[in-house]
Amino acid sequence: MTLASGALLMGPAPAERHARADPARAPPAGTAPLWEVGIAGGGVYGADYPAADERSVRGHGVPYVIYRGDMFRLGEGGAARGPTAGGGFLEFDIGIDASFDVDPGGNRARRGMPELGYLFEVSPEVLVHLGTLGGGRVAFGIPVRAVFSTDFSRIGYRGVIVDPELTYRRGELFGTELGVSASLAVAVAGERLQDYFYEVDPAYRTAGRPAHDASGGYLGTDLAVGFAWPVTGRLKVVAQGHLSFHGGAANANSPLFRERLNWALGLGLRWSLYESETRVPWRG
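The following paragraphs examine the structure supplied in this document.

## Overview of the overall build of the protein chain
- Each helix and strand counted, the protein chain has 2 helices and 15 strands in total.
- Going through the 284 residues of the protein chain one by one, you find that 47% of them count as buried.
- Across the protein chain, every contact between residues at least 6 apart in sequence was considered, and the portion connecting residues at least 24 apart equals 64%.
- On the protein chain, roughly 13,400 Å² of surface is accessible, and the fraction owed to carbon and sulfur atoms is 62%.

## Details of the pattern of salt bridges
- Enumeration over the complete set of coordinates arrives at 7 salt bridges.
- One salt bridge connects glutamate 259 with arginine 55, and the closest N-O pair in it is separated by 2.9 Å. Residue glutamate 259 is located in the loop between strand 13 (235–245) and strand 14 (261–275), and its partner arginine 55 is located in strand 3 (residues 55–68); the two are separated by 204 residues in the primary sequence.
- Judged by its relative accessible area of 24%, arginine 55 is partly exposed.
- One salt bridge connects glutamate 121 with arginine 145, and the closest N-O pair in it is separated by 3.5 Å. Note that glutamate 121 is positioned in strand 7 (residues 118–133) and arginine 145 in strand 8 (residues 136–150), a separation of 24 residues in sequence.

## Considerations on the environment of alanine 187
- Along the chain, alanine 187 falls in strand 11 (residues 179–189).
- Sequence separation of alanine 187 and leucine 219 is 32 residues, and the distance between their C-alpha atoms is 5.4 Å.

## Points about the environment of glycine 106
- Along the chain, glycine 106 turns up in the loop between strand 6 (90–99) and strand 7.
- Taking relative accessible area as the criterion, glycine 106 reaches 48% and is therefore assigned partly exposed.

## A look at helix 2 (residues 191–198)
- Considered for burial, the residues of helix 2 that qualify are Leu193, Gln194, Tyr196, Phe197 and Tyr198. Each buried residue of helix 2 sits inside an arc of 165° when the element is viewed along its axis, so together they form one side.

## Describing the pairing of strand 14
- Pairing analysis gives 11 bridges linking strand 2 (residues 35–47) to strand 14, with the strands arranged antiparallel. Looking across to strand 14, one finds that valine 44 is bridged to glycine 266.
- The pairing of strand 13 with strand 14 spans 11 bridges and is classified as antiparallel. If you follow valine 237 over to strand 14, its bridge partner there is leucine 269.

## Here's the deal with the pairing of strand 11
- Strand direction decides the pairing type here: strand 9 (residues 155–162) and strand 11, joined by 2 bridges, are antiparallel. Note on strand 11: the bridge partner recorded for valine 162 is valine 188.
- Bridge analysis of strand 10 (residues 165–170) against strand 11 gives 6 bridges, and the strand direction is antiparallel. When the sheet's bridge partners are listed, threonine 167 is paired in strand 11 with serine 183.
- Two elements, strand 11 and strand 12 (residues 217–230), share 11 bridges in a ladder whose sense is antiparallel. From the neighbouring strand, alanine 187 faces strand 12, where its bridge partner is glycine 220.

## Observations regarding the packing of aromatic side chains
- In this structure the tally under the stated criterion is 8 aromatic pairs.
- Judged by centre distance (6.5 Å) and plane angle (70°), the rings of tyrosine 49 and tyrosine 198 are edge-to-face. Residue tyrosine 49 is found in the loop between strand 2 and strand 3, and its partner tyrosine 198 is found in helix 2; the two are separated by 149 residues along the sequence.
- Their ring planes at 55° and their centres at 5.5 Å tell us that phenylalanine 148 and tyrosine 157 sit as a pair that is tilted.
- Overall, the relative accessible area of 37% leaves tyrosine 157 in the partly exposed class.
- Grouping aromatic residues by their ring pairs yields a cluster made of Tyr49, Tyr196, Phe197, Tyr198 and Phe257.
- The ring of tyrosine 49 is capped by arginine 110, whose NZ or CZ atom sits 5.9 Å from the centre of that ring.
- The ring of tyrosine 64 carries arginine 270 above its face, with NZ or CZ at 5.4 Å from the centroid.

## Re unusual backbone geometry
- One non-glycine residue, alanine 51, lies in positive phi territory at about 75°.
- Structurally, alanine 51 can be placed in the loop between strand 2 and strand 3.
- The phi torsion at phenylalanine 152 lies on the positive side, around 70°, for a residue other than glycine.
- The residue phenylalanine 152 is located in the loop between strand 8 and strand 9 in this model.

Conventions used here
Residues numbered from 1 in each chain as written. Predicted model: local features only at pLDDT ≥ 70, side-chain atom pairs only at ≥ 80, totals over all residues. Heavy atoms only, no water. Helix = DSSP H or I, 4+ residues; strand = E, 2+ residues; numbered from the N terminus. Buried < 20%, exposed > 50% of the residue type's maximum accessible area, 1.4 Å probe, protein only. Contact = heavy atoms within 4.5 Å. Areas by Shrake-Rupley, 256 points an atom, 1.4 Å probe, with all protein chains shown as cover. Salt bridge = Lys/Arg side-chain N within 4 Å of Asp/Glu carboxyl O. Arc of directions from axis to C-beta. Pairing = 2+ DSSP bridges. Phe/Tyr/Trp six-rings, centres within 6.5 Å; stacked < 30°, edge-to-face > 60°. Lys NZ or Arg CZ within 6 Å of the ring centre and 35° of its normal.

Without other data, these values stay purely geometric and don't point to any function.
In structure tokens form, the structure reads like this:
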């Protein structure tokens, strides 16, 4: 379960075709530029924080860089990837993701409490490629995410979250260029991150919000499905939906824990401004 929404901006990583309007100029199927630079933007409608009962619409835009080398890759979901081992069976990634802040004045459960700032994560991950299924690829990853918060004046360390994740990616769904991805992740977070979401210090307790000392442990299970559609050779529309299950979480008795089931919907665009003429075989 990623706490972040930044992955929406990059979208699923299906087979890259980048078909042009002019068929005579269409690049070979299953290839992508060696590098590209562009901008991505999108919005998410979802819970303010895990197990919150209030939702809001938030959005942002960011530049991006992608490099698809044989020994090193950068981009495609915010990850830097090293060489594979065992004939492509194992892969080492470093992911970077980000999420939105929460204004406590706009969230009834947190009213009067400190603001939840923007979160970003740095996550080394070992990725195991399990094979193919139904024309798509199945992988299992174990990311260890170091989480930080910021209000752009300072940065605070918020602990670690570990969320083993099973993923499925397929390009050219139903004979079209529509790419699809799905993932199932189970998240366990340390006490520091659980404190950030669910701790209520005595100074912030009210008649309807008793003090709570948060503890580390199970945070939730996340099911995500994403789609990517290359509208033109350089413009891609991405969409993503999430269901997050928080029943049995370590801090289910916190007054800030409001719903066992959260959902979120996101929509974004990725526009490649510059890309290399050199193309490489690519399956995302």
